[in-house]
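# Descriptive analysis of the structure
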Amino acid sequence: AGCAASEEETPAPDGNEAPAEEPAETDEDYKLVLRLSHVFSPDEQLTKSMDLVAERILEKTDGAIEIQTFPQAQLAVYKDGLEQVVRGSEFISVEDPSYLGDYVPDFKALVGPMLYSEFDQYTQMIETDLVQDMIAKAEEAGIKILALDYIFGFRNIITNKLIVNPEDLKGMKLRTPGSQLFIDSINAMGATATPLPWAETLSAVQQGVVDGLEGSEFTNIGTKVYEVATNVALTKHFLGTAGVYLSTDVWADIPEEYQTIIEEEFRYGAEEMIQIISESYDATKAELEELGVEFNEVNLEAFTELTKPVYENMEGVTPGIYDLLMDELDKME
Amino acid sequence: MKESNLKKILNNIEEIIASGFIILTTVLVVINVFMRYFLKTGLYWSEEVATASFVWAVFIGAVAGYKKGKHIGVDILVNLLPASIQKVVVIMVDIVLILLNGYMTYLAVIFISLSYIKPTPVLGISSAYISSALLVSFTWVTIYSVIFLVRDIRRTDYSKGGDIL
Amino acid sequence: MAFLPILIVFLLYFTGIPIAYALFGSSLTYFSFINDASAPDLILQRYITSAQNFSLLAIPFFIMAGSIMNYSGISSKLMKFAEVLTGHMTGGLGQVNVLLSLLMGGVSGSANADAAMQSKMLVPEMEKRGYSRAFSAAITAASSAVTPVIPPGINLIVYGLIAQVSVGAMFMAGYVPGVLMAISLMIVVYIISKKRGYTPTREKRATAREIFKQTLESIWALLFPFGIIAGLRIGLFTPSEAGAVAVLYTILVGFFIYKELKIEHFKDILKDTVYGTSSVVLIIIAANVFGYYMSWERIPQMLTEMMLGITENPMLMLLMINIFYLILGMFIEGGAALIILSPLLVPVVTQMGVDPIHFGMITIVNIMIGGITPPFGSMMFTVCTITNTKVGAFMKEIWPFILALLVVLLIITYFPGIVMFVPNLVF
Ligand code: NA
Ligand code: NA
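Conventions we followed
- Residues numbered from 1 in each chain as written.
- Chains lettered and ligands numbered in written order.
- Predicted model: local features only at pLDDT ≥ 70, side-chain atom pairs only at ≥ 80, totals over all residues.
- Heavy atoms only, no water.
- Contact = heavy atoms within 4.5 Å.
- Buried area = accessible area lost by both parts, 1.4 Å probe.
- Salt bridge = Lys/Arg side-chain N within 4 Å of Asp/Glu carboxyl O.
- UniProt positions renumbered as here; feature names shortened; annotations may be inferred.
- Helix = DSSP H or I, 4+ residues; strand = E, 2+ residues; numbered from the N terminus.
- Buried < 20%, exposed > 50% of the residue type's maximum accessible area, 1.4 Å probe, protein only.
- Donors = N, O, S within 2.8 Å, 3.2 Å for Na, K, Ca; no water.
- Phe/Tyr/Trp six-rings, centres within 6.5 Å; stacked < 30°, edge-to-face > 60°.
- Lys NZ or Arg CZ within 6 Å of the ring centre and 35° of its normal.

In this complex, chain C contributes 60 residues to the contact, which on the side of chain B involves 59 residues. For the pairing of chain C and chain B, the buried interface totals around 5,000 Å² over both sides, and the portion due to carbon and sulfur atoms is 79%. Sorting the residues of chain C by area buried against chain B places Tyr21, Gln52 and Tyr275 of chain C first, and these three jointly supply 14% of that buried surface. Our enumeration of links across chain C and chain B arrives at one salt bridge. Salt-bridge contacts for arginine 36 of chain B lead to glutamate 241 of chain C; the nearest nitrogen and oxygen are separated by 2.8 Å.

Dropping the structure here:
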């Protein structure tokens, strides 16, 4: 389920590792198997994109770099996946950038609540010096970031009640993933965050244990959320995106020509996925409307104002990180 | 002679600790249900703490089960063997278990020393609060494995492998 | 080398090493000596992640509730009710055992929790009345396989998510197969009891008046499953939380209504809970760790590909998948098989025109059978551990029940209408 995809969050001191070594010479017999793990289900675009990227890399490296993909949390995911990377496993972790926050706290702010309203803003943001510095810090912590922008849509609030203003959320219990960032943000927006396992979420909404949930339109249609809740308030409170992470030690041992291919293919795969997601969004939305789902715009300013303190309470982030991010966003306009 | 209370507690210390964690788990879940339903609010951290407490209950409970020989295994083949060979098998099994439990203890030390900086998802406290359950459990079980080996070497009636059902 | 850990498990298994340790040992051998893509201590991630799972809490909760029910007089009253309904049949208590699992299906949805609870509650009672312990254990394990098929089973939810089908439709699809399984088990109980002279517990069928009277007498016990179903329906709690509320309920009824429960009983209740929970969950963790090695080596995928090479006929494929699941289910934990294989098999069968809901029921019934089939099976282990039954004796008694459930499996495999009837009616 895509909904389970993008969660989690929390601070930690940086785990510094030895700097990367010189790339090795290309060898005729060079062969490396990397296991790539994520939580998305086979039908979701991210799974398809990862499979495509893996296939292209295998082809372009003449079989030297074999990336085996493991969807649906068959192998380590979330914090465990990042830990595999940091510990130098031959392993690629594909997770929400907030998980990087355990090693470089500012990443939590990068994907914080109520920041972006367009995909472009985020793709431009990750090119800024501000984020490039964060990427460099991640590298010092042993994490080579191959991409940050496998975007799968905005997350909105899904209930059976019209939600326009924060007051409408008062007393409403919304299911969130078990993640500090999500809990803090949903509480700040005026609702009562109720962490529940995804497996129990739909029946919980149906029976009224909770009053709603939050997720993207792709999750909505893919897991048939519309059967239990039919109002989508377009809060866009989180951008759903996944990054691709690999150990710097493993990376350093890969011959340079293959490094180039890997970097290019993961970058191209992200561009391609954003394209596909953008193109299919309207059709998905229309399909949901046909199934009885109603969409409404919300008072974005009010929600934005309420979620600002979330950034101040993030542990370990650069002071004033919210303003720094907002400055970059202002520059884009 | 009547067993002193202290001795009684020490004899059942694993059961007592594990029971404490089970009670904590249950109480947390019940409180959260009622707070959510009647007060329209909940303990956002209750799932994380309840499942962490459950992990402790399971791994400390596993020590108790190991001590009392309640873990299930298959003894059909071993029972078919002549008594003298049975003794060899039982002692070899004891040695394998010492090696295995000792190795898991060693891995737990490495794992926790490198992963304690990883915070938990909701409360953001060190994940070592949970993963230490492994270290405590494996260390404790290793000690019992050694005790069982000594016992099985000394024992003359070895037809029934102590920790094997 | 990739398959060596499987051999190691067998080797260790037959030396009599506790099964959890055999699984740990072979998985650790793999990550320490066979594969060096990841540091060996990192496998401990899986020990924690698989244990820190909210759904597993249902196990201690229902073991505890079951144990409290024994001390508080609830179980005897609930059993009397099942007895009024089925006691006149041959093998009365065996029939009660099956009926109770069907009733509990609407409550716990966890086969292991049901198996644990009835091992405590019914097996001693059955032994007292002359049933052999192994037979009592076998029927308890076999009937526990019915529980997760009746909604709100966790596996129904998990499958719904994996296969991207409506969880509600999965729920609806469970009723008919669940009832069929119960009926088939009751027939086996009847035949065996007749042969062995396990007598009915009452001389003739109860009258409507008697049933009404017993319903009133057992009302607090009956409210246990129904109260929990009601609690789920009004949104008081989720299926995992239901167990904790059941504990509270049984305590309240035991203290204040039947007044049979005493503080000093809690020493034994907690002891039951600790031992029952830790040994069962330890095996679930070990199976999960072993499953991690298999995923890491892509063993399930290898087997799947091999099968696809053999046939493209849906009827033949379903038969093959059934056999494959049955064999695999003997060795790995059902939940793990469901999670690892469904994403791979669902696209294959839907391509062939099989409804994913239908396939889901086949899969779940199948892995439930796996759970009671030696040499590995989580409900088998649960029941054998708690009732202190030797696996060898259990094996001798379980096979007629497995056979009966296999017949049901074949029926639901080849008559999709039986499964799809209720969901089609509702959705
Ligand atoms: Na039963
Ligand atoms: Na089995």
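Another aspect to go through is the UniProt feature "transmembrane region" (unreviewed entry) in chain B. All names here are of chain B. Per the UniProt record, "transmembrane region" (unreviewed entry) is annotated on residues 16-37, 49-67, 88-117 and 129-150. Across residues 16-37, the secondary structure splits into 100% helix and 0% strand, with the terminal C-alpha atoms separated by 32 Å. Here residues 88-117 is 93% helix and 0% strand, with 45 Å between the C-alpha atoms at its ends.

For the rest of this paragraph, the subject is unusual backbone geometry. With phi around 60°, alanine 73 of chain A is a residue other than glycine that occupies positive phi space. Relative to the elements of secondary structure, alanine 73 of chain A occurs in the loop between strand S2 (65-70) and helix H2 (78-86). The phi dihedral of asparagine 388 of chain C falls on the positive side, at around 60°, and the residue is not glycine. Locating asparagine 388 of chain C in the fold gives a position in the loop between helix H20 (378-387) and helix H21 (391-414). The class of asparagine 388 of chain C is partly exposed, set by a relative accessible area of 48%.

This paragraph deals with helix H6 (residues 180-188) of chain A. Of the positions making up H6 of chain A, those classed as buried are Gln180, Leu181, Phe182, Ile183, Ser185 and Ile186 of chain A. Residue glycine 190 of chain A follows H6 of chain A closely and has a positive phi angle near 115°.

All names here are of chain C. Distances from the sodium ion (ligand 1) to its protein donors, Asn97 (O), Asn97 (OD1), Ser101 (OG), Gln118 (OE1) and Ser143 (OG), fall within 2.1 to 2.6 Å. Every donor residue of the sodium ion (ligand 1) comes from the same chain, spaced as N-x3-S-x16-Q-x24-S. Placement of the pair is serine 101 in helix H6 (residues 92-105) and glutamine 118 in helix H7 (residues 111-121), with a sequence separation of 17 residues. Of the two residues, serine 101 and glutamine 118, both sit in the buried class.

Our focus in this paragraph is the pattern of salt bridges. In this structure the tally under the stated criterion is 21 salt bridges over all chains. Aspartate 80 of chain A is paired through a salt bridge with lysine 118 of chain B; the nearest N and O atoms lie 2.9 Å apart. Here lysine 118 of chain B lies in the loop between helix H5 (83-115) and helix H6 (128-154) and aspartate 80 of chain A lies in helix H2, a pairing that spans two chains. Each member of the pair, aspartate 80 of chain A as well as lysine 118 of chain B, is classed as buried. Measuring nitrogen to oxygen at the nearest pair gives 3.3 Å for the salt bridge that ties aspartate 152 of chain B to arginine 151 of chain B. Salt bridges sharing common partners tie together Glu83, Glu125, Lys128 and Arg129 of chain C.

Each aromatic ring pair is summarised here by two numbers: the centre-to-centre distance and the angle between the ring planes. For the coordinates displayed, the defined rule picks out 33 aromatic pairs over all chains. Consider the rings of phenylalanine 59 of chain B and phenylalanine 138 of chain B, whose centres lie 6.3 Å apart with planes at 90°: the pair is edge-to-face. You can see phenylalanine 59 of chain B sitting in helix H3 (residues 46-67) and its partner phenylalanine 138 of chain B sitting in helix H6, a full 79 residues away along the chain. By the ring-pair criterion, three or more aromatic residues cluster together here, those being Phe59, Tyr66, Phe138, Tyr144 and Phe148 of chain B together with Tyr21, Phe24 and Tyr47 of chain C. One Lys or Arg, lysine 285 of chain A, reaches over the ring of phenylalanine 295 of chain A and ends 5.1 Å from the middle of that ring. The ring of phenylalanine 70 of chain A carries arginine 298 of chain C above its face, with NZ or CZ at 4.7 Å from the centroid.

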